[in-house]
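What follows is each chain in one-letter form.
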Amino acid sequence: MADEGNGRPAPERDVILKVENLVKHFPLTQGIVFKKHVGAVKAVEGVSFDLYRGETLGLVGESGCGKSTVAKLLLRLEEATSGSAIYDGKDIFKLPKKELRTLRRNIQIVFQDPYASLNPRMTVGDIVAEPWEIHQGRMGKAERRSRVQDLLARVGLDPDHVNRYPHQFSGGQRQRIGIARALALNPDIIICDEPVSALDVSVQAQVVNLLNALQSDFNLSYIFIAHDLAVVRHISDRVAVMYLGKIMEVGNQDQIYDRPTHPYTQALLSAVPVPDPAVRGERKRMVLTGDVPSPANPPSGCVFRTRCWKAQEKCAEEVPALENRGFDHPSACHFAEIERVVPV
Amino acid sequence: MDVTTDDPKAAEGQHLLQVEDLHVEFRTQYGTVNAVNGISYSLDERETLAILGESGSGKSVSAQAIMGIIDSPPGFITKGALRFRGTDLLGLDESERRSYRGQKIAMIFQDALTALNPVYSVGFQIGEMFRVHRGASRSEAKKKAIELMDRVRIPAAKERVGEYPHQFSGGMRQRVMIAMALSLDPDILIADEPTTALDVTVQAQIMELLSELQGETGMGLILITHDLAVVADVADRVAVMYAGKIVETGSVFEVYENAAHPYTEGLMSSIPRIDQRGRELNPIRGAPPSLMRIPPGCPFHPRCPYARDVCRVDLPPLYEVSASRRSACHFFEEVLANVEGGLTGGR
């Protein structure tokens, strides 16, 4: 992972997915028969990012910031309100139904809850082979079984367990099954939506290491959505910080963790406890007051201003763009400045 | 080599809480689940004891046993003693026990939404403590509820006292739970994963509130969690649980500097740290055992890199590592000698 110090990986790496101005509003309605629109939950409000081939982009933020909605939009599990996402020269959001299948072959997802995302009535073999059932012609019936066993072995499961059911596996093993299923169609991109947050600490690391190993073996690109900033730092090349449907700051992991310029990033990082009692009390804490405002009625100007200690009049009037502000990576704050909050 | 035998305070019943050789099992139709298998620890005033363990380690069950809220059947406390200022709670009848629950020992839970009743207002539920335990009238109880909501820093307490749980955010609900737990000035607060369901900025607010309240009241705090970072931030002492047993205990500084049990060491080398990049994660192999089929000998031996033949047959006692520290590993000296196994100063 060559870091050029500009938030981008080495220039020879190509953009595999280009997301621009992604917007998703969920309508709020009143009435049963005649649904009247009374507003909208602005879940995603103009998100743009590039995903490079072979990299991991971490998407972090608190619950309700729209990070999971972004994942659903990119797979067209939800329809975007506006914006574009260019993959393989085509806009995902304009693909006709027929081509959607090809898209979903190339972009796969691993879900958070390994208990809910596997059908309890299907054997592991059938679960992992199901993508070939849907995408006919990708894998002959005869080869499927041995290929499933290869995949199971690759994700660290016993290939002889193909005939078992999900309940016979632990949480970590189930997450491996979900990963094997995502790999079945040789995708380019895997969207990992909180893939380790439901797992025990000792098992989390196994899955993180597996994801890392698979990435280099298959040249995968990951969009890694998580709220655990330590895990994201470990796995990501670049990190985008989201708040109320917008990206506040984006950069490579050193830029975000060592040189954050946005007050929200700083507050978020300063709230993460460090597993080292020796630094107790020495750290600067920026405890945010209040709660995240409702996305149905976000503040004017900068969405973070209601909880920001730097907020001034300008913040209420003018929306800060995510742009370069004299630092080595873009930040969506009028008063961006570097403040180190994670101990060295 | 029990933790308690050489403890002079224990003999005189001076500890706020003294758990001795506690055993809890659940008899189910599929077999007996041995959730807690002989744990001992003590808690003093103003002290924060963290019980650290993964799911299925028995950490929550041990807390429920102290509170006396284990459903029986299927759960049974088969052995042990729970001494609160010298009185064995297990010897009390239900009505005496009730006078401890809530008044002397209170508990907050992980999921504040399910712990609150959706059809009563928040103020009514906080005030209930005063009406039931102190015979307060409705209006007195409401006044007390507002006071408590102020104390846990719920903004606009007066206006919000009549609102319902669904109108509160996750962090505010947890504050309501804390207000209820603290209403009768308990001596011990048990916090069972109080911040696991919360976002990190809210988690920081709640942990800060708990430690402030602890400073004001001098209560003892038992913090049950799987989060090593939270423990490092707030705890005085830590007890690490695995398969229903305490495998290591000591001051949080000692334990984090250099683990004396392979399980603790494994946990520490398997977590990513926010202040480090690219450190190789060395996960513990395998998964925690089912509590219905705990491996013989040391329960950790199938996953342990230090395991020898003796570990498969011989259950290690809690060896004394130092005056304040114990480890349930036959080879704790070897584990200590591995200096890679700590988190302090490893940056």
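What counts and how
Residues numbered from 1 in each chain as written. Chains lettered and ligands numbered in written order. Predicted model: local features only at pLDDT ≥ 70, side-chain atom pairs only at ≥ 80, totals over all residues. Heavy atoms only, no water. Helix = DSSP H or I, 4+ residues; strand = E, 2+ residues; numbered from the N terminus. Rg over C-alpha atoms; globule rule 2.2 N^0.38 Å. Buried < 20%, exposed > 50% of the residue type's maximum accessible area, 1.4 Å probe, protein only. Contact = heavy atoms within 4.5 Å. Buried area = accessible area lost by both parts, 1.4 Å probe. Salt bridge = Lys/Arg side-chain N within 4 Å of Asp/Glu carboxyl O. Polar contact = N/O pair within 3.5 Å; in protein donor to acceptor, adjacent residues only side chain to side chain. Pairing = 2+ DSSP bridges. Axes fitted to C-alpha atoms, helices over the stretch in contact; angles between N-to-C directions. Parallel < 35°, antiparallel > 145°, perpendicular 65-115°, else oblique. Left-handed = near helix turned anticlockwise from the far one by under 90°. Nonpolar A, V, L, I, M, F, W, Y, C, P; charged D, E, K, R; others polar.

J.: Before we move on, could you go through the overall build of chain A and cite the residues and values that matter?
T.: From N to C terminus, chain A includes 10 helices and 10 strands. A globule of 344 residues ought to have a C-alpha radius of gyration of about 20 Å, and chain A, at 21 Å, matches this closely. Referenced to the eigenvectors of the C-alpha coordinate spread, the extents of chain A come out at roughly 65 × 60 × 40 Å. Counting all 344 residues of chain A, 56% fall into the buried class. Intrachain contacts of chain A at a sequence separation of at least 6 include 64% that bridge at least 24 residues.

J.: Provide a residue-level description of the interface of chain A and chain B, including the pertinent values.
T.: At the interface, 44 residues of chain A touch 46 residues of chain B. Three residues, A:Val201, A:Pro275 and A:Arg280, lead the burial of chain A against chain B; their summed loss comes to 18% of the area buried on that side. With a shortest N-O distance of 3.8 Å, B:Arg273 and A:Asp276 are connected by a salt bridge. Seen at the junction of chain A and chain B, the total is 13 residue pairs in polar contact (both at pLDDT 80 or more).

J.: Report on the sheet that holds strand 2 (residues 36-52) of chain A, specifying residues and quantitative values.
T.: Pairing between the strands of a sheet comes from backbone hydrogen bonds, and it takes one of two forms, parallel or antiparallel. All names here are of chain A. Read across the sheet, 4 strands follow the order 2-1-4-5 without closing on themselves; strand pairing throughout is antiparallel. The strands lining the two open edges of the sheet, one partner per strand, are strand 2 and strand 5 (90-91). Lying over the sheet, helix 1 (residues 67-74) contacts strand 1 (15-30), strand 2 and strand 4 (82-87), oriented at roughly 110 degrees with respect to strand 1.

J.: Can you break down the packing of helix 9 (residues 263-271) of chain A against helix 9 (residues 200-217) of chain B residue by residue, with the values?
T.: The interhelical angle for the contact between helix 9 of chain A and helix 9 of chain B, taken along N-to-C directions, is 50 degrees, at an axis separation of 8 Å. Judged by the angle between their axes, helix 9 of chain A and helix 9 of chain B are oblique. Helix 9 of chain A and helix 9 of chain B meet at a crossing whose hand is left-handed. Where helix 9 of chain A abuts helix 9 of chain B, its residues A:Ala267, A:Leu268 and A:Ala271 lie against B:Val200, B:Thr201 and B:Ala204. Across the contact of helix 9 of chain A with helix 9 of chain B, the residue classes break down as 5 nonpolar, 1 polar and no charged.

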